[in-house]
Amino acid sequence: MNKRNAVAKLNRRHAHRGAMLRNMATSLFEHERIITTRARAKALRSYSEKLITRARQAGVQSGEAHKLLHHKRELLKHVRNQDILKKLLEDIAPRFKDRAGGYTRIIHLPERQSDSSQMSILELVDRKEKVRRVRDRKTRAAGGEGQGPRDESRKREGKWYDRFRRKKKDTDFE
């Protein structure tokens, strides 16, 4: 009788599932937002929130060096990239120090066209927005930023697949 088996199998064996969750959690902490299937997002949500809680505990107990080292080593089992671990401990965990859980949010997207999988965005709640530079067509036409040799070649080139076509020779038969 199987009771209380609350792990999402995700059609993978134990080792593959663990590796996939580790990689996705690392990507989540690096980019603070990932797009994945809904089932994976739900499985990753609990996994990543446990890691953030562990990082918060490391921040609270930073005065005791041996406990901080223990928490870092436990986190290194799951987040194997030193730079991402540093970001988790020094940037992400302090943002959630006053929050009592619920560090991630799942936003539902339309189904994927290729196989009709339900897609979702999994992101951190207090995510830092990246500032994007907006290019205006008027400034580009006036010779502002964005006008470079690459832009000129795009105008002449036409379609993206024209590079791969054979060029017709300009021979006049008169």
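This text follows the structure it describes.
Predicted model, so just to flag it, every value in this text is computed and none were measured.

Colleague: Hey, could you run me through helix α1 (residues 14-31) in this one?
Modeller: For α1, spanning 18 residues, the distance from its first C-alpha to its last is 26 Å, which sits close to the expected 26 Å at 1.5 Å a residue. Buried within α1 are the following residues: R17, M20, L21, M24, A25, T26, L28 and F29. Contact partners of the buried residues in α1: β1 (33-37), α2 (38-60), α4 (82-95), β2 (104-108) and β3 (119-124). In the stretch just after α1, E32 is the one whose phi turns positive, near 65°.

Colleague: Even after reading the chapter, I still don't get the sheet that holds β1, so can you show me in this structure?
Modeller: Remark on secondary structure: sheet strands pair via backbone hydrogen bonds, oriented parallel or antiparallel. Here we have three strands laid out as an open sheet, ordered β1-β3-β2, and antiparallel in their pairing. Edge positions in the open sheet fall to β1 and β2, since each of these has one partner strand only. Pairs of neighbouring strands in the sheet enclose a mean axial angle of 25°, with direction left out of account. In this sheet, β3 lies alongside β1 in antiparallel orientation, the contact comprising five bridges. Paired with T36 across the strands is S120, a residue of β3. Sheet contacts for α2: β1, β2 and β3; angle to β1, the most-contacted strand, approximately 140°.

Cut-off values and rules
- Residues numbered from 1 in each chain as written.
- Predicted model: local features only at pLDDT ≥ 70, side-chain atom pairs only at ≥ 80, totals over all residues.
- Heavy atoms only, no water.
- Helix = DSSP H or I, 4+ residues; strand = E, 2+ residues; numbered from the N terminus.
- Expected span 1.5 Å × (residues − 1).
- Buried < 20%, exposed > 50% of the residue type's maximum accessible area, 1.4 Å probe, protein only.
- Contact = heavy atoms within 4.5 Å.
- Pairing = 2+ DSSP bridges.
- Axes fitted to C-alpha atoms, helices over the stretch in contact; angles between N-to-C directions.

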